[in-house]
Amino acid sequence: MKAIKAILVDDEENARLILSNFIAEFCPSVEIIGQAEDVKTAVKLINKNEVDLVFLDIEMPNENGFALFDYFNKPTFETIFCTAYSEY
(Lines give C-alpha, C1' and ligand atoms only; values in the text may rest on other atoms or scores of the structure.)
Protein backbone atom coordinates (compact mmCIF):
# COMPACT_ATOMS: atom_id res chain seq x y z
CA MET A 1 0.00 0.00 0.00
CA LYS A 2 1.35 3.41 -0.99
CA ALA A 3 1.94 5.82 1.87
CA ILE A 4 -0.10 9.02 1.93
CA LYS A 5 2.38 11.89 1.96
CA ALA A 6 1.14 14.68 4.20
CA ILE A 7 2.19 18.01 5.65
CA LEU A 8 0.99 19.77 8.79
CA VAL A 9 0.27 23.51 8.62
CA ASP A 10 -0.29 25.22 11.96
CA ASP A 11 1.31 28.24 13.58
CA GLU A 12 1.36 26.51 16.97
CA GLU A 13 4.24 24.07 17.35
CA ASN A 14 2.46 22.17 20.14
CA ALA A 15 -0.59 21.61 17.91
CA ARG A 16 1.66 20.22 15.16
CA LEU A 17 3.35 17.91 17.66
CA ILE A 18 0.07 16.57 19.05
CA LEU A 19 -1.39 16.00 15.58
CA SER A 20 1.82 14.36 14.41
CA ASN A 21 1.70 11.96 17.38
CA PHE A 22 -1.97 11.09 16.70
CA ILE A 23 -1.23 10.42 13.04
CA ALA A 24 1.78 8.24 13.90
CA GLU A 25 -0.29 6.21 16.35
CA PHE A 26 -3.58 5.86 14.50
CA CYS A 27 -2.78 6.38 10.80
CA PRO A 28 0.20 4.20 9.85
CA SER A 29 -0.39 4.77 6.14
CA VAL A 30 0.12 8.55 6.52
CA GLU A 31 3.71 9.77 6.30
CA ILE A 32 4.37 13.31 7.55
CA ILE A 33 6.95 14.67 5.11
CA GLY A 34 7.00 18.24 6.40
CA GLN A 35 5.58 20.87 8.69
CA ALA A 36 4.88 24.55 8.17
CA GLU A 37 4.04 27.35 10.58
CA ASP A 38 2.49 29.57 7.91
CA VAL A 39 0.92 29.51 4.46
CA LYS A 40 4.02 30.67 2.57
CA THR A 41 6.12 27.85 4.02
CA ALA A 42 3.34 25.38 3.22
CA VAL A 43 3.29 26.53 -0.42
CA LYS A 44 7.05 25.94 -0.67
CA LEU A 45 6.67 22.44 0.80
CA ILE A 46 3.83 21.56 -1.56
CA ASN A 47 5.71 22.86 -4.61
CA LYS A 48 8.89 21.00 -3.61
CA ASN A 49 7.29 17.64 -2.73
CA GLU A 50 4.54 15.34 -3.89
CA VAL A 51 1.94 16.07 -1.24
CA ASP A 52 -1.26 14.02 -1.10
CA LEU A 53 -2.79 15.52 2.04
CA VAL A 54 -2.58 18.81 3.94
CA PHE A 55 -3.68 19.11 7.57
CA LEU A 56 -4.49 22.82 7.65
CA ASP A 57 -5.15 25.23 10.50
CA ILE A 58 -7.33 28.21 9.62
CA GLU A 59 -6.50 31.01 12.06
CA MET A 60 -2.82 31.88 11.63
CA PRO A 61 -0.87 35.14 11.65
CA ASN A 62 -0.32 36.96 8.35
CA GLU A 63 -2.52 34.73 6.18
CA ASN A 64 -5.63 32.75 6.96
CA GLY A 65 -5.36 29.02 6.13
CA PHE A 66 -7.90 29.47 3.33
CA ALA A 67 -5.31 31.65 1.55
CA LEU A 68 -3.36 28.48 0.74
CA PHE A 69 -5.80 27.81 -2.09
CA ASP A 70 -5.03 31.20 -3.68
CA TYR A 71 -1.59 29.84 -4.62
CA PHE A 72 -2.88 26.89 -6.65
CA ASN A 73 -5.13 26.94 -9.73
CA LYS A 74 -6.04 23.28 -9.26
CA PRO A 75 -4.80 21.79 -5.99
CA THR A 76 -3.61 18.21 -6.40
CA PHE A 77 -3.84 17.50 -2.67
CA GLU A 78 -6.70 16.77 -0.30
CA THR A 79 -7.23 18.95 2.78
CA ILE A 80 -8.29 18.25 6.33
CA PHE A 81 -9.03 21.42 8.30
CA CYS A 82 -7.80 21.36 11.90
CA THR A 83 -9.06 24.24 13.98
CA ALA A 84 -10.22 25.03 17.48
CA TYR A 85 -12.67 27.68 16.23
CA SER A 86 -16.27 26.46 16.20
CA GLU A 87 -17.33 28.97 13.52
CA TYR A 88 -15.34 26.95 10.96
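Conventions we followed
- Residues numbered from 1 in each chain as written.
- Predicted model: local features only at pLDDT ≥ 70, side-chain atom pairs only at ≥ 80, totals over all residues.
- Heavy atoms only, no water.
- Phe/Tyr/Trp six-rings, centres within 6.5 Å; stacked < 30°, edge-to-face > 60°.
- Core = buried A, V, L, I, M, F, W, Y, C linked by side-chain atoms within 4.5 Å.
- Buried < 20%, exposed > 50% of the residue type's maximum accessible area, 1.4 Å probe, protein only.
- Helix = DSSP H or I, 4+ residues; strand = E, 2+ residues; numbered from the N terminus.
- Contact = heavy atoms within 4.5 Å.
- Pairing = 2+ DSSP bridges.
- Axes fitted to C-alpha atoms, helices over the stretch in contact; angles between N-to-C directions.

### Quick notes on the packing of aromatic side chains
Phase 1 of the analysis: Scanning the model with the defined rule gives 5 aromatic pairs in all.
Phase 2 of the analysis: An aromatic cluster of at least three residues, connected via ring pairs, comprises Phe-66, Phe-69, Phe-72, Phe-77 and Phe-81.

### Here's the deal with the nonpolar core
Phase 1 of the analysis: Counting residues in each nonpolar core, the largest one holds 15 residues, and the members touching the most others are Ile-7, Val-9, Ile-46, Val-54, Leu-68 and Phe-77.
Phase 2 of the analysis: Every element with two or more residues in this core is listed here: β1 (4–9), α2 (39–48) and β3 (53–56).
Phase 3 of the analysis: Counting residues per element, this core draws most heavily on α2, at 5 residues.
Phase 4 of the analysis: For Val-9, the residues in contact, after removing those within four places along its chain, are Ala-36, Asp-38, Ala-42, Val-54, Phe-55, Leu-56, Asp-57 and Met-60.

### A closer look at the sheet that holds β1
Phase 1 of the analysis: In space, the 4 strands of this open sheet follow the order β2-β1-β3-β4, with parallel pairing throughout. Because the sheet does not close on itself, it has two edges, and the strands there are β2 (30–36) and β4 (78–81). The sheet shows a mean angle of 25° between the axes of neighbouring strands, direction not considered.
Phase 2 of the analysis: As paired strands, β1 and β3 are joined by 4 bridges and run parallel to one another. Looking at β3, one finds that Ile-7 is bridged to Val-54.
Phase 3 of the analysis: Strands in contact with helix α1 (residues 13–26) are β1, β2 and β3; relative to β2, the strand with the most contacts, it is inclined by about 170°.
Phase 4 of the analysis: Sitting on the sheet, α2 touches β1, β2 and β3, and the angle it makes with β2 is about 135°.

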